[in-house]
Each structure stands twice: as structure tokens, then as C-alpha cells.
Amino acid sequence: DAKTTQPPSMDCAEGRAANLPCNHSTISGNEYVYWYRQIHSQGPQYIIHGLKNNETNEMASLIITEDRKSSTLILPHATLRDTAVYYCIVTSYNTDKLIFGTGTRLQVFP
Amino acid sequence: EAEVAQSPRYKITEKSQAVAFWCDPISGHATLYWYRQILGQGPELLVQFQDESVVDDSQLPKDRFSAERLKGVDSTLKIQPAELGDSAMYLCASSLRPLAGAGELFFGEGSRLTVL
């Protein structure tokens, strides 16, 4: 599976958009980009995933660059409850498991 | 909304003792995973089941850890004997079908183990 690189921490003001970057320069053609988050003392929670096209759901948007070497998770209007560790994971269609890195700790402040 | 159930939520034990964690996945989820998460790190996959069969236990320390899912539903993770370095959160997750693009694991709240 391709390795991902994320900044260890980020801050965001409440109500503003939070843009979390992820670098996956060694991604191959059949590998998906997944995002999960983990609020303190809880299990990780699925956010969104994509292959090539940008994706949007009720939680977030995922923007994948054309060369697929990086992506950005966007929380359009961050709230205090979005404070969590966000994990970017790349895994192949044939791999039935998710391998987590250390993620980005997002702190949303009032 | 259906959830992955885990127990106990917290466990404190002394080193060399045995400890067991239980997980009941969401009904109908054939795939079950156990992860270990050391404080400040991301979850580390220990074992993966498909129904009652182990699919991947390559990261499971088999000298002291064992996992079973006898009837393909709930699962138990055991540590014997526990060591100080086993202090961590043990997370169970399940999925309805192979991730293969479907992408969603459902995690339980975890069992936090402290070994003294």
C-alpha cells in the first residue's frame, strides 16, 4: 500500500473551512484514498473515500489532484466537535484492510 | 443505529495476568478486525477474520496473543501473560463486505488496557 504523509497538527477557527492535506506520491492506479477521523477516546469514524474524482458527502469533500499524488479533505464549516485526529489512508481495491498512520491532529478553536 | 459492541471498556491488570476482550460486530458483518492503538499512535492491525476464519494475523504476537471467532459472529482477543508494553486501546471493527472500494469500517468504542 502507498505511504501517506500528513502534517502532525493543524488549527482552524470555528465556522471556517478546514483543509487537511495528504501526500501520497507513490499511489498506484488501483488504490483508493480513504479518510477517517478519531475523536478523543472513541474509535475511528469513516468520513469519505475516492479513487480519481472529487467526492462530497454530508460530512466533507475530498479533492484529489489530477495526478492523484495528493488530496485534501475539506470540512466546509468546522465546529468544535470536529476537533479530532484525521487519518488519510491509501489502500488497493484488492486489499481488505486499512493501515493507519499517525494522522493530523485538528484543533478547532472558538 | 447498529454499533460494534466491545467489553470491557476499561481493564487494569498486573503483568503476567491473563486478560480477554470481547467484540460483537454489527449484525451481518462477515469481516471483523482487531486493532491495537498505543497512545499517540494510529491503530495497528492485529488480526482480520472473514466469518470464522483468520485471513491475516501476521502482526499478532502469537506467543502471547490469541484471537478467535468460533461461530463467525462475536470474537474474543486474549493476552496471556500480559506485559507492560501491552497497555493500549484495543479496537474492534467490522465491515459488511470486503472493503474493495466500499471503504467503510465500523469501529467500536474500544477497550483500554492498563498493565501495572
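See above for the structure.
Bear in mind the structure is a predicted one, so any value in this text is a computation, not a measurement.

Visitor: I'd like a rundown of the pairing of strand 5 (residues 44-50) of chain B, residues and numbers included.
Guide: Residue and element names in this part refer to chain B. Counting buried positions along strand 5 yields five of seven residues, so the element is predominantly enclosed. In terms of strand pairing, strand 4 (residues 31-37) meets strand 5 through six bridges, oriented antiparallel. When the bridges of strand 5 are listed, tyrosine 35 appears paired with leucine 45. In sequence, strand 4 turns back onto strand 5 through a hairpin of six residues, with glycine 40 there showing a positive phi of about 90°. Once strand 5 ends, the chain turns through two residues before running back antiparallel as strand 6 (residues 53-56), passing aspartate 51 with a positive phi of about 55°.

Visitor: Tell me what's going on with the packing of aromatic side chains, and back it up with residues and numbers.
Guide: In the structure shown here, the tally under the stated rule is eleven aromatic pairs over all chains. Between A:Tyr36 and A:Tyr46, the ring centres sit 5.6 Å apart and the planes meet at 75°, which makes this aromatic pair edge-to-face. Note that A:Tyr36 is positioned in strand 3 (residues 31-38) and A:Tyr46 in strand 4 (residues 45-50), a separation of ten residues in sequence. Accessibility classification places A:Tyr36 together with A:Tyr46 in one group, the buried group. Taking the centre distance of 6.4 Å and the plane angle of 40° together, the rings of B:Phe65 and B:Tyr90 count as tilted. Of this pair, B:Phe65 sits in strand 7 (residues 65-68) while B:Tyr90 sits in strand 9 (residues 88-95), placing them 25 residues apart in sequence. Assessed through its relative accessible area of 4%, B:Phe65 is described here as buried.

Thresholds applied
- Starting from 1, residues in each chain are numbered consecutively following that chain's sequence as written.
- Each chain is given a letter, starting from A, and each ligand a number, starting from 1, according to the order in which they appear as written.
- The predicted origin of the model limits local features to residues at a pLDDT of at least 70 and limits the giving and counting of side-chain atom pairs to 80 or more, whereas totals for whole chains, interfaces and linings rest on all residues.
- Based on all heavy atoms of the structure, the side-chain values leave hydrogens and waters out of the count.
- Accessibility here uses a 1.4 Å probe with only protein chains present; expressed as a share of the type maximum, an area under 20% marks a residue as buried, one over 50% as exposed, and anything in between as partly exposed.
- Only DSSP runs of H or I reaching four residues or more are called helices, and only runs of E reaching two or more are called strands; each is numbered from the N terminus.
- When DSSP finds at least two bridges between two strands, those strands are taken to pair.
- Pairing of aromatic rings covers Phe, Tyr and the six-membered ring of Trp, with a centre-to-centre limit of 6.5 Å; geometry is then stacked below 30 degrees between planes, edge-to-face above 60, and tilted otherwise.

Remember, this is a structural readout, not a statement about activity or role.
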